[in-house]
Amino acid sequence: MRSQSNLGNVSRGNWGTGTSLRIPLGEAAFHRMMTLERRRTSRSQKASRLMLLDMSERWTPDVDCDCLHKVLVALTTVLRETDVIGWYKDSAIVGVLLREVETEDPNFFSET
């Protein structure tokens, strides 16, 4: 599990974007948010999307966090306040829960 000291280095401060970074939820909290969102979408019939970013080959908590910083800066600048960032799999896969995304374009999200 990710230690708060490693996460603190990633999440504190302002990384030149004019916006403070959003702290990713821990794995258990993020999975709980996904469960709650699945229930909400069942009731409201408004779609949500889950985006997964595999960081396992580019970042580890014991090594330089520059790659993770860049990802969090990019996400922080484009995500809405209602979207949720968290660890889908601790120290390996960052998840982004995009709430109430409605699009008819089947290529809006694609695997790269």
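Preceding block: the structure.
What counts, and where the lines are drawn
- Residues numbered from 1 in each chain as written.
- Predicted model: local features only at pLDDT ≥ 70, side-chain atom pairs only at ≥ 80, totals over all residues.
- Heavy atoms only, no water.
- Helix = DSSP H or I, 4+ residues; strand = E, 2+ residues; numbered from the N terminus.
- Expected span 1.5 Å × (residues − 1).
- Buried < 20%, exposed > 50% of the residue type's maximum accessible area, 1.4 Å probe, protein only.
- Arc of directions from axis to C-beta.
- Contact = heavy atoms within 4.5 Å.
- Pairing = 2+ DSSP bridges.
- Axes fitted to C-alpha atoms, helices over the stretch in contact; angles between N-to-C directions.
- Polar contact = N/O pair within 3.5 Å; in protein donor to acceptor, adjacent residues only side chain to side chain.
- Salt bridge = Lys/Arg side-chain N within 4 Å of Asp/Glu carboxyl O.

Undergrad: I'd like a description of helix α2 (residues 27-44), backed by residues and values.
TA: The end-to-end C-alpha separation of α2 is 25 Å, in line with the 26 Å expected for 18 residues at 1.5 Å each. Considered for burial, the residues of α2 that qualify are Phe30, Met34, Glu37, Arg40 and Thr41. The buried residues of α2 occupy one face: seen down the axis, they fall within an arc of 130°. For α2, exposure combined with an orientation more than 90 degrees from the buried face picks out Ala28, Arg38 and Arg43. Considering only its buried residues, α2 is in contact with β1 (49-54), β2 (84-89) and β3 (93-98). Backbone geometry just downstream of α2 places Gln45 in the positive-phi region, at approximately 60°.

Undergrad: Before we move on, could you go through the sheet that holds β3 and cite the residues and values that matter?
TA: Within the open sheet, the three strands sit side by side as β1-β3-β2. Their pairing is antiparallel. A single partner strand is all that each edge strand has here, and the edge strands are β1 and β2. This sheet shows a mean twist of 30° between the axes of neighbouring strands, independent of strand direction. Pairing geometry for β1 and β3, over six bridges, is antiparallel. Looking at the pairing, Arg49 lines up with Leu98 of β3. Together, β1, β2 and β3 form the strand contacts of α2, whose direction differs from that of β2 by roughly 115°.

Undergrad: Before we move on, could you go through the environment of Ser48 and cite the residues and values that matter?
TA: Positionally, Ser48 belongs in the loop between α2 and β1. Sequence-wise, Ser48 and Asp83 are 35 residues apart; in three dimensions their C-alpha atoms are separated by 9.6 Å. Setting aside residues up to four positions removed in sequence, Ser48 forms contacts with Glu37, Arg40, Thr41, Leu98, Arg99, Glu100 and Val101. Of note is the side chain of Ser48, whose polar atom sits 3.4 Å from the side chain of Arg40. Polar contacts involving the side chain of Ser48 include one to the main-chain amide nitrogen of Glu100, which spans 3.4 Å.

Undergrad: Explain the environment of Glu81 to me, using residue names and the numbers behind them.
TA: Tracing the backbone through its elements, the reader meets Glu81 in the loop between α3 (66-78) and β2. By relative accessible area, Glu81 is classed as exposed at 83%. C-alpha of Glu81 to C-alpha of Leu98: the two residues are 17 residues apart in sequence and 10.0 Å apart in space.

Undergrad: Please set out the pattern of salt bridges residue by residue, giving values where relevant.
TA: In this structure the tally under the stated criterion is five salt bridges. The salt bridge partner of Arg99 is Glu37, with a shortest N-O separation of 2.8 Å. Of this pair, Arg99 sits in the segment after β3 while Glu37 is found in helix α2, placing the two residues 62 residues apart along the sequence. Residue classification places Arg99 among the partly exposed residues on the basis of a relative accessible area of 24%. Classification of Glu37 as buried rests on a relative accessible area of 3%.

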